[in-house]
Structure formats: structure tokens, C-alpha cells
Amino acid sequence: MGVEMAKPPKEMSLRELSECSARELACYRRREPSDDKYCLEILQRAVLERNSDAWAILQMQFNDNMRMWIGRHPHKESALRHEDEQSYINDAFSRFWRAVSEQRLTFATLAAALNYLHISLNS
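Computed from a prediction, not measured in an experiment: that's the story for all the values here.

1. Here we look at the packing of helix 4 (residues 52-72) against helix 6 (residues 85-103)
- Between helix 4 and helix 6, whose axes approach to 10 Å, the crossing angle comes to 125 degrees. The pairing of helix 4 with helix 6 is recorded here as oblique in orientation. In this structure, helix 4 crosses over helix 6, and the sense of that crossing is right-handed. The residues of helix 6 that touch helix 4, namely those facing Trp55, Gln59, Phe62, Asn63, Met66, Arg67 and Ile70, are Glu85, Gln86, Tyr88, Ile89, Ala92, Phe93, Phe96 and Trp97.
- By residue class, the composition of the contact of helix 4 with helix 6 is ten nonpolar, three polar and two charged.

2. Examining the packing of aromatic side chains
- As enumerated under the stated definition, the model contains six aromatic pairs in all.
- Here the aromatic rings of Phe96 and Phe107 are separated by 6.2 Å at their centres, their planes lie at 10 degrees, and the arrangement is stacked. In this pair, Phe96 sits in helix 6 while Phe107 sits in the loop between helix 6 and helix 7 (110-122), placing the two residues eleven residues apart along the sequence. As far as burial versus exposure is concerned, Phe96 and Phe107 are alike and both buried.
- On the basis of an interplanar angle of 55 degrees and a centroid distance of 5.7 Å, the ring pair of Phe107 and Tyr116 is categorised as tilted.
- A network of ring pairs unites the aromatic residues Trp55, Phe93, Phe96, Trp97, Phe107 and Tyr116 as a single cluster.

3. Digging into the nonpolar core
- The biggest cluster of nonpolar side chains holds 31 residues, and the ones touching the most others in it are Leu58, Phe62 and Met66.
- Of all the secondary-structure elements, those providing two or more residues to this core are helix 2 (14-29), helix 3 (37-48), helix 4, helix 6 and helix 7.
- Counting residues per element, this core draws most heavily on helix 4, which supplies eight residues.
- Dropping the residues within four chain positions of it, Met66 is found in contact with Ile89, Ala92, Phe93, Leu117 and Leu121.

4. Digging into the confidence of the model for the protein
- Predicted confidence across the protein gives a mean pLDDT of 88, with 96% of residues reaching 70 or more.
- Of all the helices and strands in the protein, helix 1 (residues 3-6) carries the lowest mean pLDDT, 52, while helix 2 carries the highest, 94.

5. Some thoughts on helix 6
- Spanning 19 residues, helix 6 covers 27 Å between terminal C-alpha atoms, matching the ideal 27 Å at 1.5 Å per step.
- Every buried residue belonging to helix 6 is among Ile89, Ala92, Phe93, Phe96, Ala99, Val100 and Ser101, and all of these are buried.
- Downstream of helix 6 by a residue or two, Arg104 has a phi angle that is positive, lying close to 50 degrees.

Cut-off values and rules
Residues numbered from 1 in each chain as written. Predicted model: local features only at pLDDT ≥ 70, side-chain atom pairs only at ≥ 80, totals over all residues. Heavy atoms only, no water. Axes fitted to C-alpha atoms, helices over the stretch in contact; angles between N-to-C directions. Helix = DSSP H or I, 4+ residues; strand = E, 2+ residues; numbered from the N terminus. Parallel < 35°, antiparallel > 145°, perpendicular 65-115°, else oblique. Left-handed = near helix turned anticlockwise from the far one by under 90°. Contact = heavy atoms within 4.5 Å. Nonpolar A, V, L, I, M, F, W, Y, C, P; charged D, E, K, R; others polar. Phe/Tyr/Trp six-rings, centres within 6.5 Å; stacked < 30°, edge-to-face > 60°. Buried < 20%, exposed > 50% of the residue type's maximum accessible area, 1.4 Å probe, protein only. Core = buried A, V, L, I, M, F, W, Y, C linked by side-chain atoms within 4.5 Å. pLDDT = per-residue confidence, 0-100. Expected span 1.5 Å × (residues − 1).

Written out as C-alpha cells, the structure is:
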């Protein structure tokens, strides 16, 4: 474990958080034990502090989830005739951002945040 890993997430730089979050998100996707505190800290900085760099990191890290959800959607072919995949992803992130920033939502778990994002994609 590196020295930066011993720091509490609140004391970590966005770069450090991004690295830890990416590693933990990969574990989460494989259904392995993971620690979502890094991702939640990035989300908190994006929403509560309105940090655009934190928001960009979230978009980058959650992009794979969005593509997976689109790929599994039962009406994928029909939907993709109207707009491309990236348009749906961009729209979902916009809806997610508006909802969480206007309501100043916070999430207790990564699963809760991803669930809300998934709902944003399907709405």
C-alpha cells in the first residue's frame, strides 16, 4: 500500500482519488470486495464543491458502465436508430448532473450512485 493510500480521501488530490477510484471500480464491476469511498469523495467534490475536474473524472470512470447498460438494453437496436450511443450517454450524464446538483444529493454507496445514473440513462 502506497503512502497516498493511507491518506483519508478528503486529503487526497483528484489524481490520487482517480487512481484509487478506478482500481476500486474495477473490483466493483467484477463483483469483488471494493471500497467506494474514493468514488464517493470524487462525487461529493463534483456535486457539493461544483468541481468540474471531479465531474470529468466521474464521467470518464462511469462511461464503461453506461456503455454496458446500453449494450444490455432490450431495445438497444431501436434506440440507436434515433441517436448514437454517446448521445444517450451525454444526455444521461446531463440529467444525472442536473438532478444531483439541484437537489444537492449525496450517496452513501457507489451502488446507489450508479443506480441513480442508470435511471438517468433510462429516463
